[in-house]
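Here's the letter readout for the chains.
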Amino acid sequence: MASDADEPLPPPMRPAAAARLKWHVLLTMHHSPDAPLAPNVQKVLLELKGVSSAASRAPLDLVAIIDVSGSMEGDKLESVKKALLFVIHKLTDQDRISIVKFDHEATRLCPLLPVTEASRARLEGLVGDLKTRGRTDIRAGLLTGLDVIANRKITAGRAASIMLMSDGRQIEDGDPRQFEPGNVAVHTYGFGADHDHDVMTAIAERSLDGVYNSVPDSDNPKELAVAFAPILGGLTTIVAQDIELTVTAIQGEATIKKVDAGTYRLRTSSDISSSVTVSFGTLYSAEVRKVMVELALSDRTASQSYRASVAEVQYRFAFQGQEVTSRPQRIIINRRRRASADPANAPLPVQTEVARLEHVASIKEAVAKADGGKLEDARNTLRAALEALRRIVDPVVDMLRRELLNLLKLFETEETYRNQGRSAALSSISSHGRQRGGPDKDTLIFVTPRMITNLEQAKQRDDMPVPSADQDAQLELEERPGWLQDVLPVALRLLAAVLSLLAFSIVASARTSGWDGEYYGRYEPYRYAVAVNVIVCFYSIAQVFVRIRRSVSPQLRSTSCYCVTLFLDQVLAYLLMSASSAAASSNHLWVSRFGEDPFHAKITAAVWFSFLAFLALSANALISTANLFSRI
């Protein structure tokens with residue numbers, strides 16, 4: 001077995017600022033604010049999100065294990081070569097790659113090489129020289145690849161991962177599913193209708209956070225590069241490693257009934273109902289991990305309403321060799337006598353996650369029925385799952401529907417199920433279990449911005465240059481919204497809300513005979529202005545929350561959102577100007593006829609505040625125009 005005695009040293013890493021590490025991961029909790037005093041079960045959704053920029057990421061040690069057995073001859077091996085070249089061009093000199101080939105035996109072609117300009121030529125040469133021969137021993141390839149990872153001399157702060165590519169089945173003696181990868185992600189790629197889905201799935205699931213990917217037969221040589229792109233887009237944006245999330249029930253208030261974290265490893269205390277820890281492995285920039293916790297709340301019918309701390313949540317992670325532990329956060333629920341425990345009243349994120357988990361269970365059930373020769377029953381299960389999603393309106397649920405519709409097509413006949421449907425369904429189950437990647441490029445349920453970028457680049461013509469991960473990160477920093485796109489619009493929205501609030505408050509506080517009293521109702525000319533200012537105030541406050549949410553979730557910056565915002569900004573700016581002008585004209589006419597009094601002095605001040613609110617709203621309309629044209 002080749003050792004890494006000749007392992008070249010990568011350039012020194014630039015250490016991350018310790019003060020900023022705590023911002024690499026963000027915890028969000030979703031649950032019903034109220035619960036009855038009687039015993040009941042509450043579902044709590046916990047979300048960990050990688051919020052650090054991809055420019056600050058862990059360097060990668062990647063081992064590519066390539067099947068070069070006889071069955072790979074022709075287009076399959078050419079597709080692998082093109083995919084490997086894409087991988088090599090995406091990595092940087094902070095990253096290292098080793099290539100292992102296997103047929104009936106395995107050979108490490110190179111140690112972990114930093115991907116510099118000089119080493120790229122060597123790596124490209126090794127890829128170009130790959131040729132097919134012999135039989136298939138996936139076990140030998142895995143053993144050699146894992147040895148490369150195990151024998152690294154430099155490990156501190158570096159993320160290790162394996163990509164295993166094969167179209168065949170284990171022919172030689174030994175079961176590759178028996179290997180224990182340890183804390184290494186093994187992402188498996190099975191392509192062609194004849195690959196062993198179960199073996200490739202099992203290998204990925206035995207690793208810490210690996211995903212099984214099914215790549216169908218295709219005449220397009222870019223098919224495998226497109227399949228590689230999402231995982232590679234994640235591996236080059238790792239912002240946290242060795243992540244663990246611990247949920248501890250508060251004694252006397254609640255017990256843990258169930259924790260659902262997909263296929264991630266759970267570690268429980270001696271009393272499973274008191275504490276559970278989930279190990280996630282790595283987290284990519286803008287990636288989210290969701291954990292559904294069911295808490296059984298204790299009987300408090302003898303008590304009065306109170307705020308109950310029912311559980312405590314804490315997470316830990318590492319980055320570049322530095323350990324970070326969050327402060328414990330408590331899950332607080334108001335126990336009330338008349339509160340409802342109906343799951344239909346749960347927050348939308350909780351309902352959506354429950355629907356996703358049920359969706360995965362339905363796909364598993366459909367696969368079991370199809371494997372048992374009951375294909376029509378399997379299709380009925382998928383149809384029932386599709387019908388169950390109709391009650392929830394959410395973008396994620398829309399993608400789940402598309403996934404089911406695609407699977408229904410692949411479950412159409414025994415032949416399509418055997419050739420494509422089963423592998424696609426297993427790949428979907430693996431993707432949902434890890435909340436990562438996915439076989440269906442039309443749904444993109446778990447993608448991050450970098451994954452989308454990689455997908456687009458993988459589809460480019462061969463003569464188009466492939467930017468490195470560092471170049472992608474630099475481009476993201478340049479495109480990242482700054483003060484003009486984020487801070488200024490929020491400030492202007494707040495200013496418009498305050499000014500319009502002052503405008504209608506001053507009119508409402510002005511002392512006169514009333515809306516319909518003497519002088520034919522002195523308030524009558526100002527009803528229009530008051531109504532418009534009230535609308536602008538509430539609209540501006542709503543837009544502040546929308547802006548903040550877009551800053552936290554960049555994927556919400558869609559063209560349609562900017563179109564709607566621009567339209568409403570223009571309409572309300574026109575109405576505000578029209579209302580201010582009408583109020584000013586009415587006020588001037590009254591003063592010219594009857595003279596000045598305190599009432600009309602306040603109206604004058606209100607008109608000025610309303611006009612200033614118009615200017616703030618108009619400025620936001622200009623920013624909305626700039627945002628829209630930057631996306632089209």
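Residues take numbers from 1 onward in each chain, read along the sequence in its written order. Side-chain atom pairs in this predicted model are given and counted only at pLDDT of 80 or more, local residue features only at pLDDT of at least 70, and totals for whole chains, interfaces and linings cover all residues. To get the side-chain values, all heavy atoms of the structure are used, and hydrogens and water are removed first.

Structural notes on the overall build of the chain
The way it works is that DSSP assigns letters per residue, a run of H or I at least four long becomes a helix, a run of E at least two long becomes a strand, and they are numbered from the N terminus. Counting its regular elements, the chain contains 17 helices and 18 strands. Of all intrachain contacts in the chain linking residues separated by at least 6 positions in sequence, the fraction that spans at least 24 positions is 78%. Here, residues are in contact when the closest pair of their heavy atoms is within 4.5 Å.

Things to note about the environment of Ser275
Tracing the sequence through the fold places Ser275 in strand β14 (residues 275–284). Linking Ser275 and Glu312, residues 37 residues apart in sequence, is a C-alpha distance of 9.4 Å. Setting aside residues up to four positions removed in sequence, Ser275 forms contacts with Thr246, Val247, Thr248, Ile256, Arg267, Thr268 and Ser269.

What about the UniProt feature "transmembrane region" (unreviewed entry) in the chain?
UniProt positions are given in the numbering used here, feature names are shortened, and annotations may be inferred rather than shown by experiment. If you check UniProt for "transmembrane region" (unreviewed entry), the listed places come out as residues 528–548, 560–585 and 605–629 in our numbering. Secondary structure across residues 528–548 divides into 100% helix and 0% strand, with the first and last C-alpha atoms of the span separated by 31 Å.

So, the nonpolar core
Generally speaking, soluble globular proteins have nonpolar side chains that are buried together. Grouped together as the largest cluster of nonpolar side chains are 77 residues, with contacts concentrated most on Leu46, Ile66, Met163, Met165, Val291 and Val310. Residues within four places of Met163 in sequence aside, it is in contact with Leu62, Val63, Ala64, Ile65, His187, Tyr189, Phe228, Ile231, Leu232 and Leu235. Core analysis: the second largest hydrophobic core is formed by 47 residues, Ile149, Val186, Leu375 and Phe446 among them. Think of a nonpolar core as a cluster: buried Ala, Val, Leu, Ile, Met, Phe, Trp, Tyr and Cys residues, connected wherever their side-chain atoms sit within 4.5 Å. Throughout this description, buried means an accessible area under 20% of the type-specific maximum (1.4 Å probe, protein chains only), exposed means over 50%, and partly exposed covers the range between.

Things to note about unusual backbone geometry
Positioned with a positive phi, Ala286 is a non-glycine residue whose angle comes to about 70 degrees. One can find Ala286 in the loop between β14 and β15 (288–297). The phi angle at Gln320 is positive, at roughly 50 degrees, despite the residue not being glycine. Owing to a relative accessible area of 15%, Gln320 belongs among the buried residues under this scheme.

Digging into the side chain of Asp167
In this fold, Asp167 is placed in the loop between β8 (159–166) and β9 (185–191). Polar side-chain contacts of Asp167 include one of 3.0 Å to the side chain of Ser71. Dropping the residues within four chain positions of it, Asp167 is found in contact with Asp67, Ser71, Met72, Lys76, Phe191, Asp194 and His195. Nitrogen and oxygen atoms within 3.5 Å of one another constitute a polar contact, given that in protein one can donate a hydrogen and the other can accept it, and given that sequence-neighbouring residues count only through two side-chain atoms.

Some thoughts on helix α8 (residues 375–388)
In an α-helix, one turn spans 3.6 residues, which is why side chains three or four residues apart end up on the same side. Expected helix span is given by 1.5 Å per residue-to-residue step, counting one fewer step than there are residues. Counted at 1.5 Å a residue, the expected span for α8 with its 14 residues is 20 Å, and the 20 Å between its end C-alpha atoms agrees. Where α8 is concerned, the buried positions are Leu375, Ala378, Arg379, Thr381, Leu382, Ala385 and Leu386. Taken down its axis, α8 places every buried residue within 155 degrees of arc, on the same side. For α8, the elements touching its buried residues are α7 (348–371), α9 (395–410) and α10 (414–434). Here the arc refers to the set of directions running from the helix axis out to each C-beta atom.

Description of the sheet that holds strand β1 (residues 25–30)
Strand order across the open sheet formed by four strands is β1-β3-β15-β12, with antiparallel pairing between neighbours. In the strand order of this sheet, the two ends are held by β1 and β12 (254–260), each with one partner. If you compare each strand with its neighbour and ignore which way they point, the axes differ by 25 degrees on average. Strands are labelled as partners when DSSP assigns at least two bridges between them. Interaxial angles span 0 to 180 degrees and are taken between N-to-C directions of axes, which are lines fitted to C-alpha atoms, for helices over the stretch in contact.

Points about the side chain of Arg120
For Arg120, the location among the structural elements is in helix α3 (residues 117–128). Polar contacts involving the side chain of Arg120 include one to the side chain of Glu117, which spans 3.1 Å. For Arg120, the residues in contact, after removing those within four places along its chain, are Ile88, His89, Leu91, Thr92, Val115 and Ser468.

What about α9?
Between the first and last C-alpha of α9 there are 23 Å, a value that for 16 residues agrees with the 22 Å anticipated at 1.5 Å per step. The complete set of buried residues in α9 reads Val397, Met399, Leu400, Arg401, Glu403, Leu404, Leu407 and Leu408. Where the residues of α9 are buried, they touch α7, α8 and α10. Structurally, the start of α9 carries an N-cap: the backbone nitrogen of Val396 is 2.9 Å from a side-chain oxygen of Asp394.

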